[in-house]
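Coordinate inspection notes
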Amino acid sequence: MVTAGRARKRPAMAAAVKRRRGEAPGPGRDTERERDTEQERGCLQFWAAQSCALAERWTAARAAGPGGAAEARELRRRQRDAFGELLLGIRGLPAALPTLPLELTVLYNSLLFTVGASDSAIEGEADGIRQGLLRVLEACGACGQDLSMEELWEKVLQEVTVEELQAPLHRLGALQAAWWLAAGRLGSIAGLFQLLSTAEDTGRGHCSKGQNELLSLLKAWQVPAEEASLRLVQSAEDLKEILCTAAAFLQGLQELEAGNFPTALSLLQEAAGGFCSKKVLAQIYTCLGCCAQRMGKPQTALQHLKRALQVDFQCLPALSHAAAVYHELGETDTELQALALLYEALEKNPPAVASSSPYFLMRTELLVHTPTLTSLLRHCHPSEVKYLLAQRCLQDGRVTDAVEHYLDFLALLQEGLQQQVPLDGSSALPRIPEVFLEAASALEQAGRHRDAITVCEEVIRRTTDLIPRMLQVEERLEQPECQLPGAGLAGELLSQKKESLCCLAWRTAGYLLQGWAWAKLGESKEAITQFSRCLSDLLRVQLRGPAIEPTENLPPEVEVLQKIRLLSLIGRGTQFLELGRHKEALLDFQHGLQVSPGDPAAASYLVQALWKLDRKQEAAAQWQKLSQSSPGEQKGKGRPLPLYLVLCLEQAMFPHSETLASTVQDYLGTAAQDTSS
C-alpha cells in the first residue's frame, strides 16, 4: 500500500515542483495555483505520514525491549537512511513556510539517527543544521550563506518570528548545542541559549553569584511542547537533561584539570544527579573520588569510588584508584586485596557492555571526551597490576608473595612483550631491566641466591652492547632550548647519553646484586670478582664540570651510579675483611668515603679495618669523628633510591656498631688513664 501511495504521489510532487518554479504557464493560472496548493498539501500529508510511520517503528522497537547490540545498530542505520531519504524528498521542493515545521522535525530525527548509527557526535555531521537554517531564511526571503553558525543562529532567531517554527527551531538548537558541547565550544552554547530564551526566561535564568552561567541558561530553557502530528524519536526534554548533565560533567573535568578542586567537586556532584547511564554515573563518581583525593580527603575519595563500583561493578578504574588511595593511607592489606581483585577482573577480560540502552540515540557519553577523562578512566593492563602487587609486597617485606608476583610478571613478559606492556607512555611500569633487578632483589631476600644471580645475568647480557666504552657527563644534563641552532641534534644526543647512563646503571646494579648474592653463599672470591666488574664498568663515566658535589647537583642517573659505586666498594671491602686482606679493605672503605663523604657504613668499616691493622689511634680518631656527626645527616641526603638498590643498602650497613663502639671506648678510657698517670 505504501509503495502504491508513493507511485501516485510522485507525479503530483513533480507537478508541484514545476508549478512552484513557474514552469507551467497557461491561461487557467488561478485554477492551476489552487491545484498546486492542493497537491502540495497532499505531499505534506504524505511526508508527515511517512515521518510518523518511521518514528512509530522506532518506538515499537524500543517497547519490544533490548535486543542484540548488532541488531539495534543495524536498525539505527536503516532509520538514518530512511529519514535521510525522506529529508531529500522534502528538500526537492523550494523552501516554504507550511512545510518547514515538518522538514525541521525530520531533520531533527535524521540527525539523532546519524549520532546513533555512528555512536559519536562529530561536529561535521551537524552540517544538516546549517542547511535547515538557510532554508528557513530562504522561505522568509532572506539569506545567510556567508555567516558563521553562531551568526546564522542569531539571524534566524532574531528575524524569524513565525510561531509554528519556534518549537522546531528550539529543538534543532538543542541538537546544535550537543554538537558544540562535544567540541568543547561552551561559549557558543551559552550564546545560543541566551537567544533561545525569551525575555521572561532570561530573567528567570539569570546567573547569580556562585552559580554556573551555562548550567543556569540550560536549566532556564523552556522545552517546546511536542506536537502529536510531528513525532520525535527522542524528546527535547530528554535532550535538555542530557545537555545539563554533560555540561556539568565536562566543566567539572576542566576545573579538575585546572586544579580548581572545590568548583570541580560541585560540578561533578551536579552531573552525578543528572540524566545518564549507569556506566557514565560510575565514571562521574570515579572522577569525584579522584578530585577528593587531590583535595587531601582520602576517606571521601573512597566513598565516591565505592559508590562507583556499586553503580557499575565493571568500572575497574575506580578499583585501581581505590588501591592508590589505600596505598596513600598506608593500609597495605586492603590495598593488596584491591589490586588482587583488579588483576582477577582483568584476567577474566569481561566483554564490553553497552553504556546505555541501544535504543537511546543522543547520550551523555557521546558528548564528554577529554584527555583528563581518558587519563582518569584508563584501564590498567594485567601486567601493570601484577607488577604493582609485586612491588608493594617487596616494599612491605612480604618477600615470598613478592617473589611469586615477580615471577608471574616475568612469565607474562615471555608470553609477548607488546601484548602485555602498554607502550603509550602512560604506564606505571618502570623500565623492564629495573623489574628484573627488583625480581633479583626479591629472590635474594628469599634466600634464593643462585636464582637471583641468574636473573641478574640476563640483565647484564642484554645491556652489554648498549653501553659505549667511555661516557663523558656534564655536571648538569639540561635539555637545550628549542630556538637555539642545533638544539634538535643536541637534544637527541642528550637523550642517547641518558639512555646509556641508564643501561650502565642496570648493568652495574646486576654485578652489585650478584656480588652480594655470592657473599651470602660464602663465596668471597667470586663476590670480589663481581664487585670488581661493577667498579670497572663504572670507570667508563667521566664527570666534567666545576664541581661534582653536592650530590643534589648531579643528574639522577649519575647519582644512582655514585650510590652503586659506594655500595660496591663497601661490598668488596667486607669480602677483603673476610679473607683477612685488611689493607685492600681499608683502601676500598677510604675510596667509599671519597665517593660519599661521611657515609656511616663506610666510616664504620674504615674504623674496623684500621683496628684490625692495629692502627688503633687512627681508628679511635675516625670513630670519634663518626660519633660526632648527626645520625640523620646522611640518611636524608639525595633522591630516593631505586627499589632494586634498597636491599644492597641494607646489606652494606655495618652490623657491629655497638661492639665496635664498646671496644673503642674501652681503648680511649685506657689511653686516658695512661696519660693521666
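Residues numbered from 1 in each chain as written. Predicted model: local features only at pLDDT ≥ 70, side-chain atom pairs only at ≥ 80, totals over all residues. Heavy atoms only, no water.

Moving on to the overall build of the protein. Counting secondary structure elements, the protein contains 30 helices and 2 strands. Counting only contacts in the protein whose residues sit at least 6 apart along the sequence, the fraction spanning at least 24 positions is 69%. For the protein, the exposed surface amounts to about 33000 Å²; the carbon and sulfur share of it is 51%. (Helix = DSSP H or I, 4+ residues; strand = E, 2+ residues; numbered from the N terminus. Contact = heavy atoms within 4.5 Å. Areas by Shrake-Rupley, 256 points an atom, 1.4 Å probe, with all protein chains shown as cover.)

On to the packing of helix 8 (residues 186-196) against helix 10 (residues 213-220). The N-to-C vectors of helix 8 and helix 10 enclose an angle of 35°; their axes lie 9 Å apart at closest approach. Regarding helix 8 and helix 10, the two cross each other, and that crossing is left-handed. Here helix 8 contributes L186, I189, A190, F193 and Q194 to the contact with helix 10, which in turn contributes E213, L214, L217 and L218. Split into classes, the residues belonging to the contact of helix 8 with helix 10 amount to 7 nonpolar, 1 polar and 1 charged. (Axes fitted to C-alpha atoms, helices over the stretch in contact; angles between N-to-C directions. Left-handed = near helix turned anticlockwise from the far one by under 90°. Nonpolar A, V, L, I, M, F, W, Y, C, P; charged D, E, K, R; others polar.)

Viewed as axis vectors pointing N to C, helix 11 (residues 236-258) and helix 13 (residues 278-294) meet at an angle of 25°, and their least axial separation amounts to 11 Å. Classed by the angle they form, the pair helix 11 and helix 13 counts as roughly parallel. Of the two elements, helix 11 crosses helix 13, and the hand of that crossing is left-handed. Counted together, F249, L253 and L256 of helix 11 and V280, I284, C287, C291 and R294 of helix 13 form the full contact between these two elements. For the contact of helix 11 with helix 13, the residue count by class is 7 nonpolar, no polar and 1 charged. (Parallel < 35°, antiparallel > 145°, perpendicular 65-115°, else oblique.)

Turning next to helix 16 (residues 332-348). Here helix 16 spans 24 Å end to end across 17 residues, near enough to the 24 Å set by a 1.5 Å rise per residue. Looking only at helix 16, the buried set comprises T332, E335, L336, A338, L339, L342, Y343 and L346. Projected down its long axis, helix 16 shows its buried positions confined to an angular sector of 160°, all on one face. The outward face of helix 16, more than 90 degrees from its buried face, is lined by the exposed residues Q337 and K348. Looking at the buried residues of helix 16, the elements they touch are helix 15 (316-329), helix 18 (382-395) and helix 19 (399-415). N349 lies just past helix 16 and shows a positive phi near 50°. (Expected span 1.5 Å × (residues − 1). Buried < 20%, exposed > 50% of the residue type's maximum accessible area, 1.4 Å probe, protein only. Arc of directions from axis to C-beta.)

We now examine the nonpolar core. Core analysis: the biggest nonpolar cluster contains 107 residues, and I129, W153, L169, F249 and L367 have the highest contact counts within it. Setting aside its immediate chain neighbours within four residues, L169 contacts L104, L133, V136, W153, V156, L157 and V160. Ranked by size, the runner-up nonpolar core spans 98 residues in total, among them A452, L567, F576 and L606. (Core = buried A, V, L, I, M, F, W, Y, C linked by side-chain atoms within 4.5 Å.)

Here strand 1 (residues 471-474) shows a clear split, with L471 and V473 buried on one side and none of Q472 and E474 buried on the other. Pairing between strand 1 and strand 2 (residues 541-544): 4 bridges, direction parallel. Directly across from E474, in strand 2, lies its bridge partner R544. (Pairing = 2+ DSSP bridges.)

Along helix 10, 6 of the 8 residues are buried, which leaves the element largely enclosed by surrounding structure. Every buried residue of helix 10 is accounted for by L214, L215, S216, L217, L218 and A220. For helix 10, the side-chain oxygen to backbone nitrogen distance between the N-cap and L214 is 3.2 Å, and the N-cap itself is N212. (Polar contact = N/O pair within 3.5 Å; in protein donor to acceptor, adjacent residues only side chain to side chain.)

As a further point, take the packing of aromatic side chains. Applying the stated criterion across every chain, the model contains 9 aromatic pairs. Taking 5.5 Å as the distance between ring centres and 80° as the angle between the ring planes, the aromatic pair formed by W516 and F531 counts as edge-to-face. Of the two residues, W516 sits in helix 23 (residues 487-520) while F531 sits in helix 24 (residues 524-538), which places them 15 residues apart along the sequence. Here the two residues W516 and F531 agree in accessibility, since each one is buried. On the numbers, 4.9 Å between centres and 90° between planes, the contact of Y605 with F654 is edge-to-face. You can see Y605 sitting in helix 27 (residues 600-612) and its partner F654 sitting in the loop between helix 29 (643-652) and helix 30 (657-676), a full 49 residues away along the chain. With relative accessibility at 7%, the residue Y605 sits in the buried group. One aromatic cluster in this structure is built from W58, F83 and F113. The residue whose ring lies beneath K386 is Y343, and the NZ or CZ to ring-centre distance is 4.4 Å. (Phe/Tyr/Trp six-rings, centres within 6.5 Å; stacked < 30°, edge-to-face > 60°. Lys NZ or Arg CZ within 6 Å of the ring centre and 35° of its normal.)

Turning next to unusual backbone geometry. Of note, D614 is a non-glycine position whose phi angle comes to about 65°, a positive value. Note on placement: D614 falls in the loop between helix 27 and helix 28 (616-628). A relative accessible area of 56% places D614 in the exposed class.

Along the chain, the position of E499 falls in helix 23. For E499, a relative accessible area of 31% corresponds to the partly exposed category. A distance of 2.6 Å separates the side chain of E499 from the side chain of R431, its partner in a polar contact.

On to the pattern of salt bridges. Per the counting criterion, the structure on display carries 24 salt bridges. Residue D451 pairs with R448 through a salt bridge whose shortest N-O separation is 3.0 Å. On the basis of relative accessibility, which here comes to 35%, the residue D451 falls in the partly exposed class. The salt bridge partner of R540 is D537, with a shortest N-O separation of 3.4 Å. When sorted by exposure, R540 lands in the same class as D537, which is buried. Each of R91, E103 and R135 takes part in one network of salt bridges that share partners. (Salt bridge = Lys/Arg side-chain N within 4 Å of Asp/Glu carboxyl O.)

Before going further, it helps to spend a moment on the side chain of N109. Looking at the secondary structure, you find N109 in helix 4 (residues 100-118). With a relative accessible area of 0%, N109 lands in the buried category. Setting aside chain neighbours within four positions, we find N109 in contact with S51, F83, R231, L232 and V233.

On the secondary structure map, L606 appears in helix 27. Put simply, L606 and G573 are 33 residues apart on the chain and 9.2 Å apart in space, counted from C-alpha to C-alpha. Apart from residues lying up to four places away in sequence, L606 is in contact with L586, F589, Q590, L593 and Q622.

Once that is clear, we can look at the confidence of the model for the protein. Close inspection of predicted coordinates is inappropriate for parts of the model with low pLDDT. Chain-level pLDDT for the protein is 84 on average; 82% of the residues reach the 70-or-more range. When pLDDT is averaged over each helix and strand of the protein, the minimum, 43, is found for helix 9 (residues 199-204) and the maximum, 97, for helix 14 (residues 298-311). In this model residues 199-205 is a low-confidence stretch, pLDDT under 50, and it forms 8 contacts with partners more than four residues away in sequence or in other chains. A low-confidence stretch, residues 480-489 (pLDDT under 50), is modelled with 6 contacts involving residues beyond four sequence positions or located in other chains. (pLDDT = per-residue confidence, 0-100.)

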